[in-house]
Each structure stands twice: as C-alpha cells, then as structure tokens.
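Chains, contacts and geometry: an overview
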Amino acid sequence: MREERSIVVDGISRTVVISDEREALLAADAAGRASVAVWDGTAGEFLPALFAVERPEDADEELLERAVRRKLGLPWVIAVTKRLLIREFTEEDFAEIPKNESAGPGDGIFSDREKLSAYIRQQYGFCQYGIWAAVERESGRLAGKLGFSPAEGEDGLEIGYHIFKPWRGKGYALEGCLAALAWEERELNLPVRARIKRENIPSLCLAERLGFVREREENGLVILLREPQKTEKEPPRDSCH
C-alpha cells in the first residue's frame, strides 16, 4: 500500500508518504519527501524510513509533522508554556549562546559551532531527545537550555538545565523543566536522575519541587531520582537510552 498525506509545517503544506513498500519509501526519500513505514515488526529487512507504525491510521498529525521536520532539518517543538517555547537547537542559535557562562549541561558542545552542528544531527536524529533550547516567547530570545542526557552507568536519563543570567530568578527553570518532564513521561517514561552539588541549595530545592527524591550522595554530589510513572506504554523503538 502507498498513501500520501498533507501536513502544514511552519505555514507550508508538506506531503508525507506512508507505505509498506520499500521502493515507495526509497522514492520518497530520493524526492526529498518525508516518509513513514508501515511495518508489523516481523522478521525481515526493516523498511527505509525514520519512523514506523503498525497501521496507517497510527500515523497521526504529530508523527507526520515530526517526520517532516526531521527530514528537512527543522527543529522539533517539544513544548509551549506560558512564557517559553522549548524546541531543539538549530545552528543559528549558536550566536545567542552566552560565551561567558560556563555552567550547565553540555557546555563542551554548546560552546563550539561544529560540535553543536554534530549534536543536532546525531543526538536529535538518533535518540529523538537531548538538551533543548528554551526560548522566551515574548522576545524570541534564547533564555537558556534544558533537557536530558543518557545517565552515565545507570538506567534512564539525567536532567540538566541552565538559565542565562538575564532570565534567572523568574521561575523559568521550574516552568521549563516541568514541561520537559511532562514530555519525557509521555514519550519515554524512564527513570530520571538529577546530579546536583551539595552546596547548590536553589537547585536542590528546584529538584524537589519537580518531584525528585534524594537517592544518595557521592563525591560531593546529591543524586536525586524521579521514578517513571506506572503505565503500560513502552518506550518508542526510535529512542536511545
């Protein structure tokens, strides 16, 4: 079967090919179109598409938009809150990342344009999650970064955030992290840990407000855990953790 559906992304109508035929999916890719494979999970060669569903009707508008954005290199929108737009980073964001602030998740990546470009392609493209841009909606300016990284030596993820100086003390960290955790619970639902220096009382208080509980201390760090919610939903096949 082969089906074409239209989805409006950033004001432009795009066509997504949905098929269980390898040739149709390859042709869509060659034509620069996004595609979704219909695959029942049985043994055999996996169909060439970034996303797969068991039935055509499972390809909802959200999945179609994600497929288009990934194909065209457009950032996924993770969440929209009262004051923030949380989305994937783009290469253009590099100019807005403060060079005089060294604290925060992934700074070795976000302080180097080439590393940021590679991160966007590899982390987002393969894992479908990562550290995201927190953009103030009113001004359109980059207010910070927050999101998730694979937990080192443990199951699940590690949360991280860094709000830039002009926006600190205004509740953006709480607002953004709540939205990020809601996304994680809906999409992945894995154990999430926070690693915070013992003397960083504001971050420890924030973690507790976010639902983390103290698990242990090691090397001057407090390790806090947020357990996954009880659900029958399994993590998607296209995520890594």
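Residues numbered from 1 in each chain as written. Predicted model: local features only at pLDDT ≥ 70, side-chain atom pairs only at ≥ 80, totals over all residues. Heavy atoms only, no water.

- In the nomenclature of an unreviewed UniProt entry, the chain is known as GNAT family N-acetyltransferase of Candidatus Lachnoclostridium pullistercoris.

1. Regarding unusual backbone geometry
- Of note, D10 is a non-glycine position whose phi angle comes to about 55 degrees, a positive value.
- Among the secondary structure elements, D10 is positioned in the loop between strand 1 (2-9) and strand 2 (12-19).
- Classification of D10 as exposed rests on a relative accessible area of 54%.
- Located in the positive-phi region is Q128, a residue other than glycine, with phi close to 70 degrees.
- Considering the arrangement of structural elements, one finds Q128 in the loop between helix 4 (113-127) and strand 7 (131-136).
- For Q128, a relative accessible area of 7% gives the class buried. (Helix = DSSP H or I, 4+ residues; strand = E, 2+ residues; numbered from the N terminus. Buried < 20%, exposed > 50% of the residue type's maximum accessible area, 1.4 Å probe, protein only.)

2. A word on the side chain of E88
- For E88, the location among the structural elements is in the loop between strand 6 (84-87) and helix 3 (107-110).
- A polar atom in the side chain of E88 sits 2.9 Å from the side chain of R70.
- If near-sequence neighbours (up to four positions away) are discounted, E88 is found in contact with R70, L74, P75, W76, D93, Y124 and W132. (Polar contact = N/O pair within 3.5 Å; in protein donor to acceptor, adjacent residues only side chain to side chain. Contact = heavy atoms within 4.5 Å.)

3. Describing the sheet that holds strand 3 (residues 34-38)
- Strand order in the open sheet formed by four strands is 1-2-3-4, and the pairing between neighbours is mixed. Where the open sheet ends on each side, the last strands, each with one partner, are strand 1 and strand 4 (51-53). Averaged over all pairs of adjacent strands, the angle between strand axes in this sheet comes to 30 degrees, irrespective of strand direction.
- The pairing of strand 3 with strand 4 spans three bridges and is parallel. Within strand 4, the position partnered with V36 by the bridge is F51.
- Sitting on the sheet, helix 1 (residues 22-30) is in contact with strand 1, strand 2 and strand 3, with an inclination near 155 degrees to strand 2.
- Its contacts with the sheet put helix 2 (residues 61-72) on strand 1, strand 2, strand 3 and strand 4, and the angle it makes with strand 1 is roughly 80 degrees. (Pairing = 2+ DSSP bridges. Axes fitted to C-alpha atoms, helices over the stretch in contact; angles between N-to-C directions.)

4. Side note on the sheet that holds strand 12 (residues 221-226)
- One open sheet holds the eight strands; their spatial order is 5-6-7-8-9-10-12-11, and the pairing between them is mixed. Two strands lie at the open edges of the sheet, namely strand 5 (77-80) and strand 11 (213-218), each paired on one side alone. Here the average twist between neighbouring strands, direction ignored, is 25 degrees.
- Note: strand 6 against strand 7, four bridges, orientation antiparallel. Note on strand 7: the bridge partner recorded for R87 is A133.
- Contacts from helix 5 (residues 172-187) reach strand 5, strand 6, strand 7, strand 8 (142-150), strand 9 (157-163), strand 10 (192-197) and strand 12, with the element oriented near 155 degrees to strand 9.

5. Some details on the confidence of the model for the chain
- Across the chain, the average pLDDT comes to 90, with 91% of residues at 70 or higher.
- Element-level pLDDT for the chain is lowest in helix 3, with a mean of 82, against a maximum mean of 98 in strand 6. (pLDDT = per-residue confidence, 0-100.)

6. Quick word on the packing of aromatic side chains
- Taken as a whole and judged by the stated rule, the model has six aromatic pairs.
- For the ring pair Y119 and Y124, a centre distance of 5.5 Å and an interplane angle of 75 degrees mean the geometry is edge-to-face.
- A network of ring pairs unites the aromatic residues F89, F110, Y119 and Y124 as a single cluster.
- The aromatic ring of W76 is capped on one face by R66, whose charged end is 4.7 Å from the ring centroid.
- Its guanidinium or amino end placed over the ring of Y172, R83 lies 4.1 Å from that ring's centre, counting from NZ or CZ. (Phe/Tyr/Trp six-rings, centres within 6.5 Å; stacked < 30°, edge-to-face > 60°. Lys NZ or Arg CZ within 6 Å of the ring centre and 35° of its normal.)

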